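# Coordinates in review
Spelled out from the first residue to the last, the chains are:
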Amino acid sequence: MKRKILYILGTLLLLYLLLLIPTENVITPKLAAKKQFVWNRDSLWHSLENEYVKAKSLGCEKVEGQIFRNFAFINSLSDEISNQKLEPGDPLFDDIGQVMFATAALVGGCEKHTAEFIELFSEVRSVIKSESSEWNLKDIIARQTLYKIIYGGRAAIEELLLQSKKENIQELVLGDDEESATPYASILGVKIHSGDILVSRGGAPTSALIARGSDYPGNFSHVALVYVDEETKLPYIIESHIERGVTISGIYDYLKDKKLRVMVLRLRKDLQQLQIDPLLPHKAARLAYQRVEAEHIPYDFEMDFNNDDKWFCSEVASSTYKKLGVELWISVSSISTMGTAKWLAGFGVTHFETQEPSDLEYDPQLKVVAEWRNPETLYQDHVDNAIVEALLDEANTGKELSYDWYMLPFARLIKFYSVIQNKFGAEGNIPEGMSAESGLRHKKYESIF
């Protein structure tokens, strides 16, 4: 009996030791041949902070006049931009960006004008996106001009919202009510058309990494495509999940997953492709819907948008629209810092020129129709961002994203069981396409939050 027990224990020990042998090759990521955007404006941020504190101490009555003058100035600059064709390096873009920041600091002392400022920003964003429709978006100056105004304005607004009372925060902000010939459904007070793109920010720790871990850090981590059945008018959401691959769900299933924010994007009606076929967005959404109904599409951990066999979330929109002649992400996203790339490579990413969700907001082919923000979780969003940025700073100084090596045999057994679950259409503990080692790194990363 003792010998049998010793034999069993010896066999288990041998199996454990065999499963400890590493099989992953250590790969040095091939970085994007670009540079990370850096503001280098510390003196401006300190100045704006001082102006904000001053505005708060003076009170609304003392700063309201200057706020109105700034609103008028922003409108005049916006009109001047829209009435001429400007190159992306034109000083007018710097001017409107500067006055937007300055106005945000003043509005901090007069909270009742926050909604007006948000509406004004939406108008400026629309003008800038329209102006950029003839730019070469692969040019770094064009890319940075869009980012500084659109992302910079968004950042200024959210700093204001963080200081506001939750009951005063508008959950829904309407943008451009772009006309569309495609079927639609009313969702949370907004008319959503078939072919619309939903860009969102999830509440998982990896969502913050996706949003911030690129050369142009943003606020979104997920992309989904809307399909509205022309007969039933029911909306369906097509999206790719790390855990399940590409799925079709109803709007309430989509929303019940934690969403810190959701933005609705729609193709401009004056695009040449839509002039020829106004129903093109609906046809694109139907193509995606029919393919997901017909076959299982795994999640693309490599983030290779040229591989149509697997889709990460952005590919649900980009791959489908590309088939009908619309190229989204005219300027591809990039990751050019070694530490960030190594951490992402630890999860299976191999392509560092890719399609990041946040960058879709700057695509001039798309209009921003609406955006929801969750007041309850807005602060958590910013906390997560701060944690990720601190972690990535450490990564870029050489810190590795390690895992508990002694857990590898157990992870491999779980992965084996997960593969069997996947074969029967179930969701495994370690997602399809993710290795046991990547699964352990993912757990380690989540434990930091």
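Residues numbered from 1 in each chain as written. Predicted model: local features only at pLDDT ≥ 70, side-chain atom pairs only at ≥ 80, totals over all residues. Heavy atoms only, no water.

### Remarks on the pairing of strand S6 (residues 235-241)
Taken across its seven residues, S6 has six buried, putting it largely inside the fold. With antiparallel pairing between neighbouring strands as the criterion, strand S5 (residues 222-228) and S6 make up a hairpin whose turn holds six residues, including Lys 233 at a positive phi of roughly 65°. Sheet topology places S6 next to strand S7 (residues 245-250); six bridges connect them, and they run antiparallel. Paired with His 241 across the strands is Gly 245, a residue of S7. Connecting the antiparallel pair S6 and S7 is a turn made up of three residues. (Buried < 20%, exposed > 50% of the residue type's maximum accessible area, 1.4 Å probe, protein only. Helix = DSSP H or I, 4+ residues; strand = E, 2+ residues; numbered from the N terminus. Pairing = 2+ DSSP bridges.)

### Focus on the packing of aromatic side chains
Taken as a whole, this structure holds 17 aromatic pairs when the rule is applied. Their ring planes at 85° and their centres at 5.3 Å tell us that Phe 93 and Trp 135 sit as a pair that is edge-to-face. Taken together, the residues span a long stretch of sequence, with Phe 93 in helix H4 (residues 91-107) and Trp 135 in the loop between helix H5 (114-131) and helix H6 (140-163) at a distance of 42 residues. A relative accessible area of 11% places Trp 135 in the buried class. Taking 5.4 Å as the distance between ring centres and 50° as the angle between the ring planes, the aromatic pair formed by Tyr 236 and Tyr 289 counts as tilted. With a gap of 53 residues between them, Tyr 236 in strand S6 and Tyr 289 in helix H10 (residues 280-294) connect regions that are remote in the sequence. Every member of this aromatic cluster is reached through a ring pair, and the members are Phe 37, Trp 39, Trp 45, Phe 101, Tyr 147, Tyr 151, Tyr 216 and Tyr 362. Sitting above the plane of the Tyr 216 ring, Arg 143 keeps its charged end 4.0 Å from the centroid. Stacked on the ring of Trp 311, the Lys or Arg Arg 291 has its end atom at 4.9 Å from the ring centre. (Phe/Tyr/Trp six-rings, centres within 6.5 Å; stacked < 30°, edge-to-face > 60°. Lys NZ or Arg CZ within 6 Å of the ring centre and 35° of its normal.)

### Some thoughts on empty space enclosed by the protein
Scanning the entire structure with this criterion turns up six cavities of 30 Å³ or more. Every residue along the wall of the largest cavity is listed here: Leu 137, Arg 143, Leu 146, Trp 329, Ile 330, Ser 331, Asp 359, Tyr 362 and Asp 363. Partitioned by chemical class, the residues of the lining of the largest cavity number five nonpolar, one polar and three charged. Estimates place the volume of the second largest cavity at around 70 Å³. Lining the second largest cavity, in full, are Phe 305, Asn 306, Ser 318, Ser 319, Lys 322, Val 326, Glu 327, Leu 328 and Gln 355. (1 Å grid on protein atoms, 1.4 Å probe; cavity = no way out; pocket = protein on both sides within 12 Å on 5 of 7 lines; lining within 4 Å. Points joined across faces, edges and corners; volume = space filled by probe spheres on them. Nonpolar A, V, L, I, M, F, W, Y, C, P; charged D, E, K, R; others polar.)

### Things to note about unusual backbone geometry
Backbone geometry at Asn 40 places phi at a positive 55°, although glycine is not the residue there. Tracing the backbone shows Asn 40 in the loop between helix H1 (2-20) and helix H2 (42-58). Of note in this structure, Lys 233 is not a glycine but carries a positive phi near 65°. Tracing the chain through its elements places Lys 233 in the loop between S5 and S6.

### A few points about H6
The terminal C-alpha atoms of H6 lie 34 Å apart, and with 24 residues this matches the ideal 34 Å at 1.5 Å per residue to within 8%. A distance of 3.2 Å separates the backbone nitrogen of Ile 141 from a side-chain oxygen at the start of H6, and that oxygen is part of Asp 139. (Expected span 1.5 Å × (residues − 1). Polar contact = N/O pair within 3.5 Å; in protein donor to acceptor, adjacent residues only side chain to side chain.)

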